[in-house]
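Below, each chain spelled out in residue letters.
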Amino acid sequence: MSHLYEPLTLDLDYCRQRQQRLLAVMERLDIERAVLFQPEHVQYFTGFRPGGLLNAAVSLDADGHCLLVAPNSAPEHAAADEVVTFEAQWHCTLRQDQREAIAAILRTAWSGRSAASRVGVEFSNAGRHLDPLFADIAIVDVEPELWGLRRAKDPDELAMIRRAVACTEAMYARAREVIEPGVTEIEVFNQLHAAAVEVAGEPLTGFGNDFQCNSPGGLPRNRAAEAGELFVLDLGPGYRGYYADNCRSMRVGATINDEQQHAWQAIVDVLQMVEETVRPGLSAQKLFHRAQEMLDEYRTGAFFHHLGHGIGLFPHEGPHLNPHWEDTFAVGDVFTAEPGLYGPELRAGIRLEENYVVTETGVERLTGYPLEL
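For every chain, the first residue of its written sequence is number 1, and the numbers climb from 1 along that sequence. Side-chain atom pairs in this predicted model are given and counted only at pLDDT of 80 or more, local residue features only at pLDDT of at least 70, and totals for whole chains, interfaces and linings cover all residues. Side-chain numbers come from the whole structure's heavy atoms, not from hydrogens or water.

Participant: Is there a simple way to explain the overall build of the chain in this structure?
Facilitator: Helix and strand counts for the chain stand at 8 helices and 19 strands. Against the globule reference of 21 Å for 373 residues, the chain gives a C-alpha radius of gyration of 23 Å, in line with a compact fold. The principal-axis extents of the C-alpha atoms in the chain amount to approximately 70 × 50 × 35 Å. Exposure is judged per residue with a 1.4 Å probe applied to protein chains only, and the accessible area is read against the type maximum: over 50% gives exposed, under 20% gives buried, and values in between give partly exposed. In the chain, which comprises 373 residues, the proportion classed as buried is 54%. A fraction of 65% describes how many contacts in the chain between residues 6 or more apart in sequence connect residues 24 or more apart. Of the accessible surface of the chain, which amounts to about 16000 Å², a share of 50% is contributed by carbon and sulfur atoms. Counting rule for charge: Lys and Arg are taken as positive, Asp and Glu as negative, and neither His nor the chain ends is counted. Taken as the charge centre is NZ of Lys, CZ of Arg, CG of Asp or CD of Glu, depending on the residue. Charge centroids of the chain, computed over 31 positive and 55 negative side chains, lie 1 Å from each other. Numbering of helices and strands runs from the N terminus, with a helix taken as a DSSP run of H or I at least four residues long and a strand as a DSSP run of E at least two residues long. Just to be clear, the radius of gyration here is over C-alpha atoms, and the globule rule we use is 2.2 Å times residues to the power 0.38. Contacts between residues were defined by any pair of non-hydrogen atoms, one from each residue, lying within 4.5 Å. Note that accessible areas follow from Shrake-Rupley with a 1.4 Å probe, and for residues the cover is restricted to the protein chains shown.

Participant: Where do I start with the sheet that holds strand S1 (residues 33–36) in this structure?
Facilitator: Whether parallel or antiparallel, the strands of a sheet pair through hydrogen bonds between backbone atoms. What the 6 strands build is an open sheet, ordered S4-S3-S2-S1-S7-S8; its pairing is mixed. Only two strands of the sheet have a single neighbouring strand rather than two, namely strand S4 (82–86) and strand S8 (138–141). Strand-to-strand, the axes of this sheet are offset by a mean angle of 20°, without reference to chain direction. Pairing between strands requires that DSSP locate at least two bridges from one strand to the other. As paired elements, strand S2 (residues 57–61) and strand S3 (residues 66–71) share 4 bridges and run antiparallel to each other. Opposite Val58, over in S3, you have Leu68 as the bridge partner. With axes taken as lines fitted to C-alpha atoms, and helix axes fitted only over the stretch in contact, angles between N-to-C directions fall between 0 and 180 degrees. Packing of helix H1 (residues 12–28) onto the sheet brings it into contact with S1, S2 and S3, and relative to S2 it is tilted by some 60°.

Participant: Where do I start with the side chain of Asp327 in this structure?
Facilitator: With respect to the helices and strands, the residue Asp327 is situated in the loop between strand S14 (317–321) and strand S15 (334–337). At 2.8 Å, the side chain of Asp327 and the side chain of His320 are in polar contact. Apart from the residues lying within four places of it in its own chain, the contact partners of Asp327 are Arg151, Leu282, Ser283, Ala284, Gln285, Gly318, Pro319 and His320. Here a polar contact is recorded for every N or O atom pair within 3.5 Å, except that within protein the pair must consist of a potential hydrogen donor and a potential acceptor, and residues adjacent in sequence are included only if both atoms are side-chain atoms.

Participant: Help me out: how do you make sense of the environment of Leu67 in this one?
Facilitator: Take Leu67: it is sitting in strand S3. The buried category is assigned to Leu67, whose relative accessible area is 3%. As for Leu67 and Val83, which are separated by 16 residues in sequence, their C-alpha atoms are 5.8 Å apart. Beyond its immediate stretch of four places on either side in the chain, Leu67 contacts Ala57, Val58, Ser59, Glu82, Val84, Leu106, Ala109 and Trp110.

Participant: Is there a simple way to think about the packing of aromatic side chains in this case?
Facilitator: Each aromatic ring pair is described using two quantities: the centre-to-centre distance and the angle formed by the ring planes. In summary, the pairing rule links any two rings of Phe, Tyr or Trp, Trp by its six-membered ring, whose centres are within 6.5 Å, and it sorts them by plane angle into stacked for under 30 degrees, edge-to-face for over 60 and tilted for everything else. Enumeration according to the criterion identifies 9 aromatic pairs in this entry. Ring centres of Tyr172 and Tyr369 lie 5.5 Å apart, and the angle between their planes is 35°; on these two criteria the pair is classed as tilted. Of this pair, Tyr172 sits in helix H5 (residues 155–178) while Tyr369 sits in the segment after strand S19 (363–365), and the two are 197 residues apart along the sequence. Residues Tyr172 and Tyr369 agree in their burial class; the two are buried.

In structure tokens, the structure reads:
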């Protein structure tokens, strides 16, 4: 089967706009240069995503000059003023010292530019091999700022997420075809992966999350499904770095019991509440507590996880619909809502998850596959 859609790339004009937002952060923090190694951030600001185990880096100076360090060869599609390359492989063998090689490239590239006394980095990616780059230089952790910038999705990012959502809808359609008593979780997993790749037209950059039957979730097992059980299929494929994350629960066999129907309706009611309630400025923590109250009416303790989270270049990012965070919804947030109920009477649980983008007046639902068991 040929893939259904043309390939997507990030729009270079939007990449430049994202660079401008980072420059505003740098000005506020009195930073003269930002140096980012995380592949997601390289892609976010330049449109170039290094493949596989290849490394890259992006350097942005306060004057707007963007330098991309790319593995092996210069990409054709990149929002950068200067591109330099390094040998990430020698005679087809991956180098294990790619970060060190990138550091040497950056040191040479910076020699012709104004020196920086304060540099922003991702502390989680600033290893000791970068120390020579920052001798006598103050470094500032800009990672929390980057997480904040990434929350409001640009149209090119939203297109990527919609493509990942299309992968999930093909996966659910395939699940309806193959789930029956006796099918193994591994077989369902394989079939769903194939369905997603057919839509993507290329290998996925991520593939999760839950593929178990008669269980709240987990990786697939070599276990046969039995009539009356429920499959929790929480699917999170990544398309060119951008994730979808939505869930459906599907019956095994022709019938469901009264408890399953009761729990299903309670979960659907929560999703309806989310769609009617979320607006810019709403507390995500308060939304969680409201959903907890509603689901506790079924049975206290039957809902025991977060209500949802943001998605994008990470499968979990802000906003967090979770009592441990105090986020508020903002225009451009793309988030999941995933109420669930679990117990032996449900064999063994139901979770339904939708994906939304926050608008000026409410939310737009990105997912459209039916919720029925």
